Amino acid sequence: MFRITTAGLALLLLAMLLMCSGLDRADARSVGSQYTSTAPKDCRQIGKPSELDGSTTRVCKGKDGLVVLIAEDDLREIVSVGRNREAAAEEPAAKVWFAPFSSSETTVEWRTAGAKPFAMIQRWHIADGTDPDKQGRPNTKAMLIVTRLPPGPVCHVAYVDAIANPNANELARKAADEFARSFTCGKDEVKIIGARGRAVELATMR
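Described in the following lines is the structure provided in the data block. Remember, predicted model here, so these are calculated numbers, not experimental data.

Any aromatic ring pair is given by two values, namely how distant the centres are and how the planes are angled relative to each other. Tallying each qualifying case throughout the model produces two aromatic pairs. Ring geometry for phenylalanine 98 and tryptophan 124: centres 5.6 Å apart, planes at 85°, overall edge-to-face. Linking phenylalanine 98 in the loop between α2 (85-89) and β6 (102-113) with tryptophan 124 in strand β7 (residues 116-132), this pair joins segments that are 26 residues apart in sequence. Accessibility classification places phenylalanine 98 together with tryptophan 124 in one group, the buried group. One aromatic cluster in this structure is built from Phe98, Trp124 and Tyr159. Positioned above the aromatic ring of phenylalanine 118, the side-chain terminus of arginine 181 is 3.9 Å from the ring centre. The ring of phenylalanine 179 carries lysine 191 above its face, with NZ or CZ at 4.9 Å from the centroid.

Bringing the side chain of glutamate 72 into the picture now. When you line up the elements, glutamate 72 lands in strand β4 (residues 67-73). Within the buried core, glutamate 72 has no salt-bridge partner, and the shortest N-O distance to an opposite charge, that of arginine 58, equals 7.7 Å.

In any sheet, the strands associate via hydrogen bonds between backbone groups, in a parallel or an antiparallel arrangement. One open sheet holds the six strands; their spatial order is β1-β6-β7-β8-β9-β10, and the pairing between them is mixed. Two strands lie at the open edges of the sheet, namely β1 (31-37) and β10 (191-193), each paired on one side alone. Strand-to-strand twist across the sheet, computed as the mean angle between neighbouring axes with direction ignored, equals 30°. Strand contacts of helix α3 (residues 168-179): β1, β6, β7, β8 (138-148), β9 (155-161) and β10, with the helix running at about 135° to β7, the strand carrying the most contacts.

Below, the discussion takes up empty space enclosed by the protein. This model, assessed by the stated rule, comprises one cavity of 30 Å³ or more. What the largest cavity holds in volume is close to 50 Å³. Forming the walls of the largest cavity are Val79, Met120, Gln122, Trp124, Ile145, Thr147 and His156. Per-element accounting of the lining of the largest cavity gives the leading share, three residues, to β7. For the lining of the largest cavity, the class distribution of residues is four nonpolar, three polar and no charged.

Thresholds applied
Residues numbered from 1 in each chain as written. Predicted model: local features only at pLDDT ≥ 70, side-chain atom pairs only at ≥ 80, totals over all residues. Heavy atoms only, no water. Phe/Tyr/Trp six-rings, centres within 6.5 Å; stacked < 30°, edge-to-face > 60°. Helix = DSSP H or I, 4+ residues; strand = E, 2+ residues; numbered from the N terminus. Buried < 20%, exposed > 50% of the residue type's maximum accessible area, 1.4 Å probe, protein only. Lys NZ or Arg CZ within 6 Å of the ring centre and 35° of its normal. Lys, Arg positive; Asp, Glu negative; His and termini not counted. Salt bridge = Lys/Arg side-chain N within 4 Å of Asp/Glu carboxyl O. Pairing = 2+ DSSP bridges. Axes fitted to C-alpha atoms, helices over the stretch in contact; angles between N-to-C directions. Contact = heavy atoms within 4.5 Å. 1 Å grid on protein atoms, 1.4 Å probe; cavity = no way out; pocket = protein on both sides within 12 Å on 5 of 7 lines; lining within 4 Å. Points joined across faces, edges and corners; volume = space filled by probe spheres on them. Nonpolar A, V, L, I, M, F, W, Y, C, P; charged D, E, K, R; others polar.

Nothing here speaks to function; it is geometry throughout.
This is the structure:
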């Protein structure tokens, strides 16, 4: 008959604890970032620019079969994500137009768990009409937007002012990891992470 000693049992329990700890660390390591481009040269333009105001729409390849939809109208942009252009255009993120002029940068950071993206982070520039440059054009203020991804609706989760927070990238990643997957679009309010700055003030103007 097989018997295990007290010392043997203690060693077995210790080994199990170490194994669980190792799995936890492996799960933590599986969360990371990947990057794609939304530069016009890397995307497919939909139709021709509007003759009236030059507005454009383009679709860019994302991660895990997702596409990024970027539409610009009246010097304002929306960015949305979906399995195809039509799906992306119906998401809540496709309905968010900031009051001031706005534009997104062309690098998308995808927060992934394993190979599956669950949030995206993108730097935006919001025009500040109270701060004109020498030519009278509004200077812009930078902000990071965290967006939740499918399954479920695509919407803004958090705003991080890039000027008011020197560690804005780290704050945005932490917000994505902690809030994006449990965020309820249409019910939960967009979270302001870190210190509020002018970019966040402009983005939340109504």
